[in-house]
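Observations on the model geometry
Residue strings, one per chain:
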Amino acid sequence: MATPVKLAIVYYSSTGTITEIAKELHDAAVKAGAEVRLVKTAELAPQAAIDTNPAWAAHHAATAHVPHATPEDIEWADAVILGTPTRFGNVSAQLKQFIDTLGGLWAEGKLIDKVFSGFVSSATSHAGQEATLLSLYTSIHHFGGITVTPGFTQPSKFIDGNPYGTSHVDGQGNNPVDEVTRTAARVQAERVVRVAAQLKAA
């Protein structure tokens with residue numbers, strides 16, 4: 001019997017949108033038969049900055065129990081899904097800082113041929129979601145990783161419209177994660193697990 005795919009979902013979320021998508025990815029991956037670690041990156045902002053935004057402060061407190069990601073989580077995994085809000089069309093500092101800690105694994109060749117994918121949120125439409133995912137995937141090319149995106153592989157993808165990864169427009173917190181986004185997350189998780197399983201069995 002084949003051993004299950006080991007999937008690490010590593011994310012940064014300030015006010016909770018990315019956390020919600022990460023949970024949907026987690027549940028779909030578990031249902032698809034994967035062993036999943038759901039971990040967040042460390043917060044870099046000072047508490048004083050966090051406290052200026054009630055939604056940020058509330059989410060920071062509510063997720064204090066979630067383990068912080070470590071390079072060991074990436075070494076353990078067959079597949080990795082990385083999540084971030086957009087920051088000026090780019091990856092958040094918190095996720096980028098974590099990626100920068102993977103230099104040791106990269107130097108040892110331990111990131112080669114792992115499956116990677118990404119997901120993202122932004123406050124408004126056309127706010128750099130695709131640019132953020134493409135920026136994220138640039139690092140994966142350097143790793144020698146295998147980028148597995150959802151693509152337009154299911155009819156539902158023509159509804160959410162993003163072949164690069166799951167994305168959501170949260171409208172400054174006014175648009176909760178909806179069924180369109182949840183469906184996109186399920187499609188992405190299932191494809192990542194399926195491809196990683198095929199590679200693991202090869």
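Residues numbered from 1 in each chain as written. Predicted model: local features only at pLDDT ≥ 70, side-chain atom pairs only at ≥ 80, totals over all residues. Heavy atoms only, no water.

Quick notes on the layout of surface pockets
By volume, the largest pocket is sized at about 540 Å³. Along the walls of the largest pocket sit 24 residues, with S14, T15, R87, D170 and Q172 positioned nearest its centre. Counting only elements with at least two residues in the lining of the largest pocket, the list comes to α1 (17-31), α3 (54-62), β3 (79-87) and β5 (115-122). Residue contributions to the lining of the largest pocket peak at three residues, all from β3. Among the residues making up the lining of the largest pocket, the classes are represented as 10 nonpolar, 12 polar and two charged. The volume enclosed by the second largest pocket comes to roughly 180 Å³. Of all the elements in the fold, those that place two or more residues in the lining of the second largest pocket are α7 (129-143) and β7 (166-169). Class assignment for the residues of the lining of the second largest pocket results in two nonpolar, seven polar and two charged. (1 Å grid on protein atoms, 1.4 Å probe; cavity = no way out; pocket = protein on both sides within 12 Å on 5 of 7 lines; lining within 4 Å. Points joined across faces, edges and corners; volume = space filled by probe spheres on them. Helix = DSSP H or I, 4+ residues; strand = E, 2+ residues; numbered from the N terminus. Nonpolar A, V, L, I, M, F, W, Y, C, P; charged D, E, K, R; others polar.)

With respect to the nonpolar core
Counting 25 residues, the largest nonpolar core has L7, I9, L25 and F119 as the members making the most contacts within it. Looking at this core, the elements with two or more residues in it are β1 (6-11), α1, β3, β5 and α9 (179-201). Aside from chain neighbours lying at most four places away, what touches I9 is A22, L25, H26, V36, R37, L38, V39, I81 and F119. In terms of nonpolar packing, the next biggest core, distinct from the first, is built from 23 residues, A69, V91, L102 and L105 among them. (Core = buried A, V, L, I, M, F, W, Y, C linked by side-chain atoms within 4.5 Å. Buried < 20%, exposed > 50% of the residue type's maximum accessible area, 1.4 Å probe, protein only. Contact = heavy atoms within 4.5 Å.)

A look at empty space enclosed by the protein
To locate leftover empty space, one rolls a probe as large as a water molecule over the atoms. The final tally for this structure, using the stated rule, is one cavity of 30 Å³ or more. Approximately 40 Å³ is the volume attributed to the largest cavity. Lining the largest cavity, in full, are I74, V80, L82, F98, I99, L102, F116, I140 and F143. Contributions of two or more residues to the lining of the largest cavity are made by β3, α5 (93-100) and α7. Of the residues belonging to the lining of the largest cavity, the class tally is nine nonpolar, no polar and no charged.

So, the packing of aromatic side chains
Within this structure, the stated rule accounts for two aromatic pairs. Note on F116 and F143: the rings are 5.6 Å apart at their centroids and 50 degrees apart in plane angle, and the pair reads as tilted. Of this pair, F116 sits in strand β5 while F143 sits in helix α7, placing them 27 residues apart in sequence. Take F116: its relative accessible area is 1%, and that puts it in the buried class. Looking at F143, the relative accessible area reads 9%, which means it is buried. Seen in terms of ring centroids, F152 and F158 are 4.9 Å apart; in terms of plane orientation they differ by 20 degrees. Their pairing is stacked. (Phe/Tyr/Trp six-rings, centres within 6.5 Å; stacked < 30°, edge-to-face > 60°.)

Topic: the environment of I99
Tracing the backbone shows I99 in helix α5. You can call I99 buried: its relative accessible area is 7%. Placed 34 residues apart in sequence, I99 and L133 show a C-alpha to C-alpha distance of 14 Å. Sequence-distant contacts of I99, defined by excluding residues within four places in its chain, comprise L82, L136, S139 and F143.

Section: the pattern of salt bridges
The tally for this structure, following the rule as stated, stands at 12 salt bridges. A salt bridge links E179 to R186; the shortest N-O distance between them is 2.4 Å. In this structure E179 comes out as partly exposed when scored by relative accessible area, which is 47%. Within this structure, E20, K23, E24, E179, R182 and R186 form a network of salt bridges that share partners. (Salt bridge = Lys/Arg side-chain N within 4 Å of Asp/Glu carboxyl O.)

Comments concerning unusual backbone geometry
One non-glycine residue with positive phi stands out, namely F88, at about 55 degrees. Looking at the element boundaries, F88 is found in the loop between β3 and β4 (90-91). Phi is positive for D113, close to 65 degrees, though the residue is something other than glycine. The residue D113 is located in the loop between α6 (103-107) and β5 in this model. For D113, a relative accessible area of 52% corresponds to the exposed category.

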